[in-house]
Amino acid sequence: MAEEKPRQFVGSVEFKKGLEGAITNESAISYVDGANGKLIYRGYSIDDLCAGGGGYEETAYLLLNGNLPTQAELDLFNADLALRRSIPQEAKDLIVQIANKCHPMSTLRTAVSLLGCLNPREFEVTVENDYDIALTLTAQFPTLVAAIQRARRGEFLIEPDVTKGLSEDFLRMMTGETPDARTVEVMDMALIIHAEHGMNASTFSSMVTNSSLTDFYSSIVAGIGSLKGPLHGGANEATLRTFQEIGDPATTEDWFAAAKEKKVKVMGFGHRVYKAYDPRARLFDPIAREFAERAGTSHLYEIAKKLEALVVADLGGKGIFPNVDFFSGIIYDAMGIDTDMFTPIFAVPRIAGWSARILEYLPENRLFRPRAVYIGDLESQYTPIAERG
Ligand code: CMC
């Protein structure tokens, strides 16, 4: 057998930090057109899906099953999801116990882990069983997140209402009030927009985890853990905090000058794939304006637009534009949702994307196992501990 040369890859590999440009697998689930600022789910643009009237459930069906449903198929799917929406008492107890002690993403991560422990078929790794779990989690995520929001405020938890659509019920379970039609429409659109996004960090994390043929819940827990970081889904809450820190539109310029001086990244800008305007931010922009006006927080929108103009003038040439997390926080804030809850809301529909990717890869599964370029010593002399100075 030929001896492998130390510190070199076998074959020719161009190494880029953060796996930039690396290919993981072939997929027919979504396409992020970074050059033209387009996002496509299984051939359909997110603009068409948002405008189409089928709601988030239609998008979840499309991602999980590969085609748009007929009305009869969508009705059945909706009814099935509605029946799966409730969560076990153990999960409610856990949420009540820990929700005000940690970040809601940590509560969500822990609750999903518990759901795995409670499922006697947790370890049955087949497409059929994983699809069944994916459907149940897709239905349960709104209930979990709504319960977390209420428990951390010390409010009683609200049971799902099977007669309502997922977005309406999600808002109702979270706030305790019947939401107006426009708020439901916008939440539905937010869920569609966040459902899937190529080989992003949390999707990759969940796929890597699942590729060891571990249970589905562990893979979703990995996805939640990754999504929570500020460079990924956690940016939506960090962005709103930036606007609040700036406080007054008139101080935006000074804030940005100071940020540049300190070389800090401005949250809500930039993307590994988009080098044009993120289509999700483009869809959210006018809604952020509308909702900020409704809620009397127009100063936040004004700050956002000033910051956008400053950053784009300075960094647009490098392909840095607002991303999905730039305007979403203004909308959720105007809906009365706590800032800490923004990333869990991102997770509510992303379960569909994570699940679709895992299910697509499972039949052709091969363990993800990349390598690192070893730059350490190779011939260090071992000294017994008693002889070390
Ligand atoms: N503000 C200022 N400069 C930036 C920013 C930013 N938000 N993003 C990238 N840059 C600069 C960066 O400093 C670097 O400059 P230079 O080449 O001079 O060193 C260059 O652009 C490339 O940056 P990078 O960090 O190597 O790019 P990346 O592809 O690794 O990172 C990113 C992508 C999203 C992590 C990054 O743009 C970032 O940290 N943005 C802020 C956090 C954020 O908004 N995340 C949400 C992403 S979209 C939602 C999601 O899918 O999670």
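Scroll up a little and you will see the structure.
All of these numbers come straight from a predicted model, not from anything done at the bench.

Rules of the game
- Position numbers for residues count from 1 along each chain, tracking the sequence in the order it is written.
- Whole-chain, interface and lining totals are the exception, using all residues; otherwise, since this is a predicted model, local features are given only for residues with pLDDT of at least 70 and side-chain atom pairs are given and counted only at 80 or more.
- As a convention, hydrogens and water are excluded, and side-chain values are obtained from all of the structure's heavy atoms.
- Burial classification: accessible surface area is computed with a 1.4 Å probe over protein chains only, and a residue below 20% of its type maximum counts as buried, one above 50% as exposed, and the rest as partly exposed.
- Only DSSP runs of H or I reaching four residues or more are called helices, and only runs of E reaching two or more are called strands; each is numbered from the N terminus.
- Note on pairing: DSSP must find at least two bridges between two strands before they are called paired.
- The length a helix should cover is 1.5 Å for every residue beyond the first.
- Residue contacts follow a heavy-atom distance rule, with two residues in contact if any of their heavy atoms lie within 4.5 Å.
- Note that the arc is computed from the directions linking the helix axis to the C-beta atoms.
- Residues are classed as near a molecule or strand on a simple rule: at least one heavy atom within 4 Å of it.
- Whenever a nitrogen or oxygen atom comes within 3.5 Å of another N or O atom, the pair is scored as a polar contact, on the condition that within protein one atom can donate a hydrogen and the other can accept it, and that pairs from neighbouring residues in sequence are kept only if both atoms are in side chains.
- Residue-level accessible areas treat just the shown protein chains as cover; the underlying method is Shrake-Rupley with a 1.4 Å probe.
- Patches were defined on residues exceeding 30% relative accessible area and lacking a salt bridge, with like-charge contacts within 9 Å and nonpolar side-chain contacts (Val, Leu, Ile, Met, Phe, Trp, Tyr) within 5 Å.
- Within this document, salt bridges are pairs made up of a side-chain nitrogen of Lys or Arg and a carboxyl oxygen of Asp or Glu, the two lying within 4 Å of each other.
- Geometry of aromatic contacts follows a simple scheme: Phe, Tyr and Trp rings, the Trp one being its six-membered ring, pair when their centres are within 6.5 Å, and the pair is stacked under 30 degrees between planes, edge-to-face over 60, tilted otherwise.
- Take the buried Ala, Val, Leu, Ile, Met, Phe, Trp, Tyr and Cys residues and link them wherever side-chain atoms come within 4.5 Å; each set so joined is a nonpolar core.
- Think of each axis as a best-fit line through the C-alpha atoms, taken over the contacting stretch in the case of a helix, with angles from 0 to 180 degrees between the N-to-C directions.
- Angles are sorted into four bins: roughly parallel if under 35 degrees, roughly antiparallel if over 145, roughly perpendicular if 65 to 115, and oblique for all others.
- By definition, any crossing whose near helix is turned counterclockwise from its far helix by less than a right angle is left-handed, and any crossing with a clockwise turn is right-handed.
- Residues are grouped as follows: Ala, Val, Leu, Ile, Met, Phe, Trp, Tyr, Cys and Pro are nonpolar; Asp, Glu, Lys and Arg are charged; every other residue, Gly included, is polar.

Engineer: Talk me through the pairing of strand S2 (residues 38-41); I want residue IDs and the actual numbers.
Structural biologist: Of the two faces of S2, the one lined by Leu39 and Tyr41 is fully buried and the one lined by Lys38 and Ile40 carries no buried residue. Sheet analysis places strand S1 (residues 30-33) next to S2, joined by 4 bridges and oriented antiparallel. Pairing of Asp33 across the sheet is with Lys38, part of S2. Between S1 and S2, which pair antiparallel and follow one another directly, the connecting turn spans 4 residues, one of which, Gly37, has a positive phi of 65°. Connecting S2 to the antiparallel partner strand S3 (residues 44-45) that follows it, the hairpin turn spans 2 residues, and Arg42 within it adopts a positive phi of roughly 45°.

Engineer: Describe in detail helix H11 (residues 235-246), supporting the description with residues and values.
Structural biologist: End to end, H11 covers 16 Å across 12 residues, agreeing with the expected 16 Å (1.5 Å per residue, within 8%). Among all positions of H11, only Ala235, Asn236, Glu237, Thr239, Leu240, Thr242, Phe243 and Ile246 are buried. On its buried face, H11 sits against helix H12 (252-261), helix H14 (298-315), helix H15 (325-334) and helix H16 (342-361). Looking one or two residues beyond H11, the residue adopting positive phi is Gly247, at roughly 75°.

Engineer: How would you summarise H14 if you had to cite specific residues and measurements?
Structural biologist: For H14, built from 18 residues, the straight-helix expectation of 26 Å at 1.5 Å per residue is met to within 8% by its first-to-last C-alpha distance of 25 Å. Of the residues making up H14, those classed as buried are Leu300, Tyr301, Ile303, Ala304, Leu307, Glu308 and Val311. The arc that holds the buried residues of H14, viewed along the axis, is 155°, so those residues lie on one side. Contacts from the buried residues of H14 go to H11, H12, helix H13 (279-295) and H15.

Engineer: Provide a residue-level description of the site of the ligand, including the pertinent values.
Structural biologist: In the vicinity of the ligand there are 19 residues, among which His232, Lys265, Val266, Arg272 and Lys318 approach most closely. Take Val266: an N or O atom from its main chain is 2.7 Å from a nitrogen atom of the ligand. At 2.7 Å from an oxygen atom of the ligand is found a side-chain nitrogen or oxygen belonging to Arg272. Protein chains bury 70% of the 930 Å² of accessible surface belonging to the ligand in isolation.

Engineer: So what's going on with the sheet that holds S2? Which residues, and what values?
Structural biologist: Spatial strand order, S1-S2-S3: 3 strands in an open sheet with antiparallel pairing. Of all strands in the sheet, those with a lone pairing partner are S1 and S3, marking the two edges.

Engineer: Residues and numbers for a nonpolar patch on the surface, please.
Structural biologist: A contiguous nonpolar patch, built from Phe15, Val373 and Ile375 and spanning about 350 Å² of accessible area, is present on the exposed surface. Tracing the sequence through the fold places Val373 in the segment after H16. Exposure remark for Val373: the relative accessible area of 35% places this residue in the partly exposed category.

Engineer: Explain the packing of aromatic side chains to me, and be specific about the residues and the numbers.
Structural biologist: Under the definition given, this model contains 9 aromatic pairs. Centre to centre, the rings of Tyr277 and Phe321 are 6.1 Å apart; their planes meet at 40°, and the pair counts as tilted. Separated by 44 residues along the polypeptide, Tyr277 in the loop between H12 and H13 and Phe321 in the loop between H14 and H15 bring together distant segments of the chain. Given a relative accessible area of 19%, Phe321 falls into the buried group. An angle of 35° between the planes, with centres 6.2 Å apart, marks the rings of Tyr301 and Phe327 as tilted. With Tyr301 in helix H14 and Phe327 in helix H15, the pair connects residues that are 26 residues apart, well separated along the chain. The class for Tyr301 is buried, based on a relative accessible area of 10%.

Engineer: I'd love a proper account of the nonpolar core, names of residues and values included.
Structural biologist: Formed by 104 residues in total, the largest nonpolar core has its most connected members in Leu108, Phe141, Ile220 and Leu307. Not counting chain neighbours up to four residues away, the residues in contact with Leu307 comprise Thr242, Phe243, Ile246, Thr252, Trp255, Phe256, Val266, Phe269 and Phe326.

Engineer: Mind laying out the packing of helix H6 (residues 127-152) against helix H10 (residues 216-227), listing which residues take part and the relevant values?
Structural biologist: At a closest axis distance of 10 Å, the pairing of H6 and H10 adopts a crossing angle of 45°. Judged on the interaxial angle alone, H10 and H6 are oblique. The way H6 lies across H10 gives a crossing that is right-handed. Between H6, through Asp130, Ile133, Ala134, Leu137 and Phe141, and H10, the contact on the second element is made entirely by Phe216, Tyr217, Ile220 and Ile224. A breakdown of the residues in the contact of H6 with H10 according to their chemical character gives 8 nonpolar, no polar and 1 charged.

Engineer: Explain the pattern of salt bridges to me, using residue names and the numbers behind them.
Structural biologist: On inspection of all chains with the given rule, the structure shows 23 salt bridges. Between Lys164 and Asp161 there is a salt bridge whose closest N-O contact spans 3.4 Å. Since its relative accessible area comes to 22%, Asp161 is described here as partly exposed. Linking Arg294 and Asp180 is a salt bridge whose minimum nitrogen-to-oxygen distance equals 3.0 Å. Residue Arg294 is located in helix H13, and its partner Asp180 is located in the loop between helix H7 (166-175) and helix H8 (181-194); the two are separated by 114 residues in the primary sequence. Relative accessible area serves as the criterion here: at 45%, Arg294 is assigned to the partly exposed category. Residue classification places Asp180 among the partly exposed positions, given a relative accessible area of 36%. One network of salt bridges, in which partners are shared, links Arg152, Arg153, Glu237, Arg241, Asp338 and Asp340.

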